[in-house]
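Fold and contact review
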Amino acid sequence: MALATTDALPTSSGIPAHHDSLRDFVRLLESRGELRRISRPVDPYLEITEISQRLMLAQGPALLFEAVKGSAFPLLINTYATRRRMSWALGVADLEEHARSIAALVKSQPPVGLLDKIRMLPKLARVASASPRTVASAPCQEIVERDPDVTKLPVITCWPDDGGPYITLPMVITRDPDKGTRNVGCYRMQVFGPRETGMHWQLHKTGRRHMRRYQELGIQRMPVSVALGGDPILPYAATAPLPDGIDEFLFAGFLRRRPVEMVRCKTNDLEVPASADFVLEGYVDVGEPLRREGPFGDHTGYYSLADDYPVFHITAITRRAAPIYATTVVGPPPQEDAWLGKATERLFLPLLQMTFPEIVDMNLPVEGCFHNLCIVSIKKDYPHHARKICHSLWGMGQMMFAKCIVVVDDDVDVQNVREVAWRALNNIDAKRDVFFAEGPIDVLDHASQAFGFGGKLGVDATRKWKEEGFTREWPEVLKMRPDVVARVDALWKELGL
């Protein structure tokens with residue numbers, strides 16, 4: 001393994017910029033009172049879900065179950081369940097640190113003079129040095145099992161009507177057969193047997209597109225590898241809505257200020273993170289009939305219905321000598337995955353603002369399950385600007401799944417949902433300001449008129465202009481005069497209140 005660089009040293013907050021292993025992160029959490037070990041035997045069938053749910057809802061610590069019935073491996077859950085732990089997993093004291101770094105990078109202007117070029121060097125170097133790096137040997141291959149049995153892992157059954165036990169926090173690695181580019185996605189995997197799982201590649205997902213291309217090329221076996229655990233920044237990167245063709249491990253390297261070390265698999269030619277705890281190597285037979293998968297208690301809080309999906313065949317399992325199995329539970333919000341979504345909201349806002357500089361802030365409320373509600377504040381520059389933003393966002397990558405977009409003025413705090421409700425409900429005329437569109441919908445949406453297709457709602461809750469046909473006088477928001485506020489501030493101690 002490569003020696004640590006100065007970038008790997010703890011920040012001023014004492015949080016390392018990256019973690020060499022999941023066990024390192026467990027030690028950090030435990031040292032800061034953010035982890036509890038459970039030594040009593042527990043059942044992976046529903047029991048772990050109920051225990052972790054109670055702690056998650058109470059904003060309690062991460063849990064390390066050391067004695068899971070039917071498995072010799074410990075299980076970690078609720079890892080990302082608070083803003084603090086989510087930030088630490090990404091190597092910062094708070095998510096906004098990464099957001100500021102990304103904002104500074106995207107706002108950099110092309111250097112003109114020598115001094116400008118010198119100032120740009122640290123930013124350019126951080127991107128250039130983020131590319132994944134191949135190593136010859138790795139901790140994730142300390143043990144190689146060529147007679148694999150995935151049922152020996154402590155895979156949990158989350159909810160009573162689930163179709164079976166599910167791997168819920170995988171990094172599924174595939175490759176574009178034409179371009180050779182890598183994709184890393186987080187797709188649930190129902191365990192069918194010792195060597196088979198489902199592969200929940202939904203209609204719009206990159207993994208499914210790669211599979212279709214293999215079918216078109218007549219290549220029967222599509223190599224697939226699944227990494228579990230490792231640096232906790234890696235599973236987050238697998239969930240990030242990156243532009244097509246951008247390597248998720250490159251993004252992880254940028255965030256962790258150090259390249260992700262990769263090692264070639266034993267039974268296929270894909271590369272996997274060296275720091276992973278487990279790696280499931282295998283393939284999908286693109287000519288094999290799809291298999292019924294589900295139901296599954298999903299992040300919407302409802303069961304996603306059973307449907308047919310590809311089968312992943314496991315050819316080997318490699319692992320650390322003392323691995324930790326990382327998992328999560330999704331369900332009625334809020335859940336642990338809320339902070340994975342909030343991290344994306346914060347980190348990707350600067351990229352959205354690069355395309356739409358009028359956007360001031362964005363909120364994807366947890367209750368909206370990421371894609372059901374998006375609240376955006378804008379600096380309104382022209383009539384019907386809010387409608388333009390709605391339609392533009394519906395054309396942006398995974399924002400196409402946004403069921404409802406509410407646009408407010410720049411003086412509204414979109415992170416304060418009470419304020420948004422007060423301002424929006426006062427500002428809208430239902431006939432004038434509520435409008436509809438149709439388009440792709442998340443396939444997990446059970447209410448859409450058709451599978452993967454349905455209606456979208458836009459709400460213009462901005463102040464209306466006469467150019468928009470508003471002929472009445474628009475009132476001002478109630479605010480106290482600044483001089484009165486200052487006078488009462490000075491009197492406050494004397495009032496004894």
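Computed from a prediction, not measured in an experiment: that's the story for all the values here.

1. Describing the overall build of the chain
Counting its regular elements, the chain contains 13 helices and 25 strands. A principal-axis box enclosing the C-alpha atoms of the chain has dimensions of 75 × 55 × 50 Å. Out of the 497 residues in the chain, the part that is buried amounts to 53%. Within the chain, contacts between residues at least 6 apart in sequence are counted, and of these 70% link residues at least 24 apart. With an accessible surface of roughly 22,900 Å², the chain has 56% of that area assigned to carbon and sulfur atoms.

2. Side note on the pairing of strand 9 (residues 189-193)
With 4 of its 5 residues buried, strand 9 lies for the most part within the structure. For strand 6 (residues 166-167) and strand 9, the ladder comprises 2 bridges, and the chain directions are antiparallel. Across the sheet, residue Tyr166 finds its bridge partner in strand 9, namely Gln190. As paired strands, strand 9 and strand 10 (residues 196-198) are joined by 2 bridges and run antiparallel to one another. Bridge pairing in strand 10 places Val191 opposite Thr197. What sits between the antiparallel neighbours strand 9 and strand 10 is a turn of 2 residues.

3. Thoughts on the sheet that holds strand 21 (residues 359-363)
In space, the 5 strands of this open sheet follow the order 21-22-23-25-24, with mixed pairing throughout. Looking along the sheet, the strands with just one partner apiece sit at the ends: strand 21 and strand 24 (434-440). On average, each strand axis in the sheet is inclined to that of its neighbour by 20°, with strand direction left out of account. Of the pairings in the sheet, the one linking strand 24 to strand 25 (residues 453-460) comprises 7 bridges and is antiparallel in character. Pairing of Phe436 across the sheet is with Leu457, part of strand 25.

4. Notes on the nonpolar core
A general feature of soluble globular proteins is that nonpolar side chains tend to end up buried together. The biggest cluster of nonpolar side chains holds 53 residues, and the ones touching the most others in it are Leu76, Met86, Leu90, Tyr236, Phe249, Phe251 and Leu347. Among residues more than four places away in sequence, those in contact with Phe251 are Tyr236, Ala237, Ala240, Leu242, Leu347 and Phe348. Residues Val155, Met189, Val224 and Phe312 belong to the second largest nonpolar core, which totals 35 residues.

5. Considerations on the sheet that holds strand 20 (residues 325-326)
Taking strand neighbours across the sheet as the criterion, the 4 strands line up as 1-2-3-20 in an open arrangement whose pairing is mixed. Pairing within the sheet leaves two strands with one partner each, and these edge strands are strand 1 (35-38) and strand 20. Bridging between strand 3 (residues 75-77) and strand 20 involves 2 bridges; their strand directions are parallel. From the neighbouring strand, Leu75 faces strand 20, where its bridge partner is Tyr325. Strands in contact with helix 1 (residues 22-31) are strand 1, strand 2 (62-65), strand 3 and strand 20; relative to strand 1, the strand with the most contacts, it is inclined by about 110°. Most of the contacts of helix 2 (residues 47-57) go to strand 2, to which it runs at about 155°, and overall it touches strand 2 and strand 3.

6. A look at the layout of surface pockets
If you add up the space inside the second largest pocket, you get close to 470 Å³. What lines the second largest pocket is a set of 17 residues, among which Asn427, Trp474, Pro475, Glu476 and Val477 lie closest to the centre. The greatest single-element share of the lining of the second largest pocket, amounting to 4 residues, is contributed by helix 11 (residues 417-427). Taken together, the residues of the lining of the second largest pocket sort by class into 6 nonpolar, 2 polar and 9 charged.

7. Looking at helix 9 (residues 337-355)
Look at helix 9: 27 Å from first C-alpha to last across 19 residues, which is about the 27 Å you get at 1.5 Å a residue. The largest bend along helix 9 measures about 40° and falls at Phe348, with the proline Pro350 one to four residues further on.

8. Structural notes on the packing of aromatic side chains
One pass over the structure, following the stated rule, counts 7 aromatic pairs. Taking 5.6 Å as the distance between ring centres and 55° as the angle between the ring planes, the aromatic pair formed by Phe251 and Phe348 counts as tilted. Taken together, the positions of Phe251 in helix 8 (residues 248-256) and Phe348 in helix 9 put the pair 97 residues apart, joining distant regions of the chain. One exposure class covers both Phe251 and Phe348, and it is buried. Measuring from ring centre to ring centre gives 6.5 Å for Phe278 and Tyr325, while their planes differ by 70°; the resulting arrangement is edge-to-face. On the criterion of sequence distance, the pair formed by Phe278 in strand 14 (residues 278-285) and Tyr325 in strand 20 is long-range, its members being 47 residues apart. For the pair Phe278 and Tyr325, one class covers both residues: buried. Each member of the aromatic cluster is reached from another via a ring pair, and the members are Phe73, Phe278 and Tyr325. Cation over ring: Arg221 sits above Tyr283, and NZ or CZ is 3.8 Å from the ring centre.

Criteria and thresholds
- Residues numbered from 1 in each chain as written.
- Predicted model: local features only at pLDDT ≥ 70, side-chain atom pairs only at ≥ 80, totals over all residues.
- Heavy atoms only, no water.
- Helix = DSSP H or I, 4+ residues; strand = E, 2+ residues; numbered from the N terminus.
- Buried < 20%, exposed > 50% of the residue type's maximum accessible area, 1.4 Å probe, protein only.
- Contact = heavy atoms within 4.5 Å.
- Areas by Shrake-Rupley, 256 points an atom, 1.4 Å probe, with all protein chains shown as cover.
- Pairing = 2+ DSSP bridges.
- Axes fitted to C-alpha atoms, helices over the stretch in contact; angles between N-to-C directions.
- Core = buried A, V, L, I, M, F, W, Y, C linked by side-chain atoms within 4.5 Å.
- 1 Å grid on protein atoms, 1.4 Å probe; cavity = no way out; pocket = protein on both sides within 12 Å on 5 of 7 lines; lining within 4 Å.
- Points joined across faces, edges and corners; volume = space filled by probe spheres on them.
- Nonpolar A, V, L, I, M, F, W, Y, C, P; charged D, E, K, R; others polar.
- Expected span 1.5 Å × (residues − 1).
- Bend = angle between axes of the 7 residues up to and from the residue.
- Phe/Tyr/Trp six-rings, centres within 6.5 Å; stacked < 30°, edge-to-face > 60°.
- Lys NZ or Arg CZ within 6 Å of the ring centre and 35° of its normal.

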